[in-house]
Amino acid sequence: MQFPMIKNAINALRYQLPADTTKQRVAEQTCLALLQSCNTLTNLTQIHALILKLGLRNNPLVLTKFASTSSDLNVIHYASSFLFSSVEAEAASPNLFYDTFLFNTVIRAYAQTGDSKFKALHFYRTMLHYGVLPNKFTYPFVLKACAGLASLSLGQSVHGSLVKFGFEDDLHVQNTMIHMYCCSEEGFEFARKVFDESPKTDSVTWSAMIGGYARLGRSAPAIGLFREMQVMGVCPDEITMVSVLSACADLGALELGKWLESYVERKNIPKSVELCNALIDMFAKCGDVDKAMKLFRQMEARTIVSWTSVIVGLAMHGRGLEAVSLFDEMIEEGMAPDDVAFIGVLSACSHSGLVDKGRCYFNSMGKDFGIVAKIEHYGCMVDLLSRAGLVKEALEFVRTMSVEPNQIIWRTIITACHARGELKLGESISKELIRSEPMHESNYVLLSNIYAKLLRWEKKTKVREMMDMKGMKKIPGSTMVELNNEMHEFVAGDKSHNQYKEIYEMVDEMGKEIKRAGYVPTTSQVLLDINEEDKEDALYRHSEKLAIAFSLLNTPPGTPIRIVKNLRVCEDCHSATKFISKVYNREVVVRDRNRFHHFKNGLCSCGDFW
């Protein structure tokens, strides 16, 4: 049976093609025309039947177009089952229709499909099996599949293959290879080796390497490489700038971020939605959420990422009411929230103690938007209840979760137990966590801190000895400060800085001044069996205070101080910084692991709720 669509196309082509055109040529042009306009799987199956009926099973042009159309319709599996049927493949001569372009089309389609990247590698192997030679366009697709699978061994195997076929010096292949190696920590050094040995580079090469540094959390080297890129005279594109801004956001380097924004303007780099989103994220994470909000309002077109970036930014700065208001505005404007947006608004509720609002949003997620709660959403709710002091309710919530709670959730409960005096409960959960996850140092640190709070020093010592036996070390607290586009890092008791003598003198002066203003050291924060005087001395050597002292020494009076802490700011440093902001008339902005604290005139934006 001939379908109307096909019949009409054939009749139309009879009048378009020269009179002496062969039947085979008419059939080929008919199928190509039909495939060009094909927009449904139903039509594709009709064309499939026509291809077989017209004897075009081995026509390379038709089959390649068939594969391309299947890819566009996201049904490449249908094309591959037809093109590479095992029975027909063995019976047919590969040279008739199994050409490089056909394989490239199929490999590319699978490489770009979320859960079918192994299929891309399967067809690459099939290609070699039938003696079809890959070309320089084959390997970027295959390497992208390896990148998606984050398989270093597969990537190295493909790397060896492309060297064998002589494509290692092709710029596009090199760029994709760098990206592939950068997708795993283990492969990063290989990426750098390929980059360093590249005979020629372009902006894509540099972007791939800088993006690799940024994704793996190597933010300072990413910035360094960007500066080297400028020295080499290579012009960055918007993709480069997105990676650099991501690295800048991770470091909390606001001055550098401002310079990057002006650099984008000076170089006329197109401000795509992705680049605008990166700028918003950078300003929010570097402490200037008002600037992030201004950029957001200036955007002509916004995506869900744009909304989420600002909502999360406001949440990090403790501006929960503004965050939930913006979330509601997003819904009113017809932008449906996704699961990430709900994580943002639940986080905002958590940081601002909006318990009832949080419960409401959590319930509406499934009821109103059909979003199934993930472990991250449950984690936000546990954090919300724990921060509000509702430890028993948080524990009951965990027991009724529809998914298995992970270690992060249990550690949140333990931290709440420590803060709220539920020490026996915290001890019990900590011990259970160590049994289930014996090689995670945080579990031992939590238990050790609980024993210190209980003044059970012998048990605390035993926990520390267990950590030493297992080769575990507590992550040291560190604080970074940006000064003149250079990052300075301090750890507790640090004497490695070339200004350390002046810094320690400033710390002692700060201590005297803020004590006169009413500051009382929170020595209970020092979980060591030492006398009160030594505890005070230990508190004064915390990395936050060293960083603030360094900033007071090296910045003009009255200017803001911005520091970034890798852990949660401790209670004593929080109290001391409030007094420092008043005594020295400085705004001090602290970004810790969880949020921002804006200290001004002896007060903190968090309202002492963090």
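On a predicted model such as this, the values are computed, not experimentally measured, just so you know. (Residues numbered from 1 in each chain as written. Predicted model: local features only at pLDDT ≥ 70, side-chain atom pairs only at ≥ 80, totals over all residues. Heavy atoms only, no water.)

1. Overview of the sheet that holds strand 1 (residues 478-483)
- Across the sheet, six strands lie side by side as 2-1-3-4-5-6; this open sheet has mixed pairing. The sheet is open, and its two borders are formed by strand 2 (486-491) and strand 6 (603-604), each paired with just one other strand.
- Packing of helix 32 (residues 543-554) onto the sheet brings it into contact with strand 1, strand 2, strand 3 (561-565) and strand 4 (588-591), and relative to strand 1 it is tilted by some 15°. (Pairing = 2+ DSSP bridges. Helix = DSSP H or I, 4+ residues; strand = E, 2+ residues; numbered from the N terminus. Contact = heavy atoms within 4.5 Å. Axes fitted to C-alpha atoms, helices over the stretch in contact; angles between N-to-C directions.)

2. Re unusual backbone geometry
- One non-glycine residue with positive phi stands out, namely asparagine 74, at about 60°.
- If you trace the backbone, asparagine 74 turns up in the loop between helix 4 (60-72) and helix 5 (76-83).
- Residues other than glycine seldom take positive phi values, yet asparagine 485 does so here, at roughly 60°.
- Relative to the elements of secondary structure, asparagine 485 occurs in the loop between strand 1 and strand 2.
- Residue classification places asparagine 485 among the partly exposed residues on the basis of a relative accessible area of 38%. (Buried < 20%, exposed > 50% of the residue type's maximum accessible area, 1.4 Å probe, protein only.)

3. A short note on the packing of aromatic side chains
- Under the definition given, this model contains 19 aromatic pairs.
- Each ring, one from tyrosine 378 and one from phenylalanine 397, has its centre 5.9 Å from the other, and the planes form 50°; the classification is tilted. With tyrosine 378 in helix 24 (residues 375-387) and phenylalanine 397 in helix 25 (residues 391-399), the pair connects residues that are 19 residues apart, well separated along the chain.
- Put simply, the rings of Phe327, Phe342, Tyr361 and Phe369 touch in pairs and so form one group of aromatic residues.
- Residue placement shows lysine 291 over the ring face of phenylalanine 283; its charged tip is 5.7 Å from the ring centre. (Phe/Tyr/Trp six-rings, centres within 6.5 Å; stacked < 30°, edge-to-face > 60°. Lys NZ or Arg CZ within 6 Å of the ring centre and 35° of its normal.)

4. What to know about the nonpolar core
- In terms of nonpolar packing, the biggest core is built from 143 residues, with Leu83, Ile107 and Met209 touching the most fellow members.
- With eight residues, the top contributor of residues to this core is helix 18 (residues 273-285).
- The residues touching methionine 209, leaving out its near neighbours within four places in the chain, are Ile178, Cys182, Phe188, Ala191, Arg192, Phe195 and Leu225.
- Ranked by size, the runner-up nonpolar core spans 31 residues in total, among them Met510, Leu546, Ala549 and Ile563. (Core = buried A, V, L, I, M, F, W, Y, C linked by side-chain atoms within 4.5 Å.)

5. Notes on the pairing of strand 4
- The side-chain alternation of strand 4 yields two buried faces, one formed by Val588 and Val590 and the other by Val589 and Arg591.
- Where strand 3 lies against strand 4, four bridges are found, and the strand directions are parallel. Bridging from a neighbouring strand, arginine 562 pairs with valine 589 of strand 4.
- Taking the sense of rotation as the criterion, the β-α-β connection linking strand 3, helix 33 (residues 571-583) and strand 4 turns out right-handed.
- Strand direction decides the pairing type here: strand 4 and strand 5 (residues 596-600), joined by four bridges, are antiparallel. Within the sheet, the bridge partner assigned to valine 589 lies in strand 5 and is histidine 598.
- Between the antiparallel neighbours strand 4 and strand 5 lie four residues. (Right-handed = clockwise from strand over helix to strand, strands pointing away.)

6. Overview of helix 25
- Residues Val391, Ala394, Leu395, Phe397 and Val398 constitute the buried set of helix 25. All buried residues of helix 25 project into a common sector of 155° when viewed along the axis, lining one side. Among the exposed residues of helix 25, those pointing more than 90 degrees away from its buried face are Lys392 and Arg399.
- Of the surrounding elements, those touching the buried residues of helix 25 are helix 23 (355-369), helix 24, helix 26 (407-420) and helix 27 (423-436). (Arc of directions from axis to C-beta.)

7. Considerations on the pairing of strand 3
- A large share of strand 3 lies buried, amounting to four of its five residues.
- Judged from the three bridges that link them, strand 1 and strand 3 form a sheet pairing that is antiparallel. Each bridged residue has a counterpart across the sheet, and for threonine 479 the counterpart in strand 3 is lysine 565.

8. Some details on the environment of arginine 464
- You can see arginine 464 is positioned in helix 29 (residues 457-469).
- Sequence separation between arginine 464 and glycine 607 is 143 residues, and the spatial gap between their C-alpha atoms is 34 Å.
- Polar side-chain contacts of arginine 464 include one of 3.2 Å to the side chain of serine 448. (Polar contact = N/O pair within 3.5 Å; in protein donor to acceptor, adjacent residues only side chain to side chain.)

9. Re the packing of helix 9 (residues 117-129) against helix 11 (residues 152-164)
- Closest axis-to-axis distance for the helix 9/helix 11 pair is 13 Å, and the angle between their directions is 30°. The orientation of helix 9 with respect to helix 11, classified from their angle, is roughly parallel. Where helix 9 crosses over helix 11, the handedness of that crossing is left-handed. Judged by residue contacts, Phe118, Leu121, Tyr124 and Arg125 of helix 9 engage Leu154, Val158 and Ser161 from helix 11.
- When grouped by side-chain class, the residues that make up the contact of helix 9 with helix 11 number five nonpolar, one polar and one charged. (Parallel < 35°, antiparallel > 145°, perpendicular 65-115°, else oblique. Left-handed = near helix turned anticlockwise from the far one by under 90°. Nonpolar A, V, L, I, M, F, W, Y, C, P; charged D, E, K, R; others polar.)

10. Quick notes on helix 3 (residues 41-53)
- With 13 residues, helix 3 should cover 18 Å at 1.5 Å per step; its first-to-last C-alpha distance of 18 Å lies within 8% of that length.
- Listing the buried residues of helix 3 in full gives Asn43, Leu44, Gln46, Ile47, His48, Leu50 and Ile51. (Expected span 1.5 Å × (residues − 1).)

11. A short note on the pattern of salt bridges
- Applying the stated criterion to the full structure yields 24 salt bridges.
- We note a salt bridge from aspartate 339 to lysine 374, for which the minimum N-O separation is 2.7 Å. Of this pair, aspartate 339 sits in helix 22 (residues 339-352) while lysine 374 is found in the loop between helix 23 and helix 24, placing the two residues 35 residues apart along the sequence.
- As a salt-bridge pair, aspartate 383 and arginine 387 come within 2.7 Å of each other at their nearest N and O atoms. Placement of both aspartate 383 and arginine 387 in helix 24 is noted, with a separation of four residues, approximately one turn of the helix.
- Three or more residues are tied together by salt bridges with common partners; here these are Glu185, Glu189 and Arg218. (Salt bridge = Lys/Arg side-chain N within 4 Å of Asp/Glu carboxyl O.)

12. Remarks on the environment of cysteine 183
- Note on placement: cysteine 183 falls in the loop between helix 12 (171-181) and helix 13 (188-197).
- Once the C-alpha coordinates of cysteine 183 and leucine 52 are considered, the two residues, 131 residues apart in sequence, prove to be 43 Å apart.
- Excluding anything up to four places from it in sequence, cysteine 183 contacts Ala147 and Ala150.

13. Examining the confidence of the model for the protein chain
- Mean pLDDT over the protein chain: 87, with 91% of residues reaching 70 or higher.
- Every residue in residues 13-17 is under pLDDT 50, and counting partners more than four places away or in other chains gives five contacts.
- A low-confidence stretch, residues 86-96 stays under pLDDT 50, and its non-local contacts, those more than four residues away or across chains, total nine contacts. (pLDDT = per-residue confidence, 0-100.)

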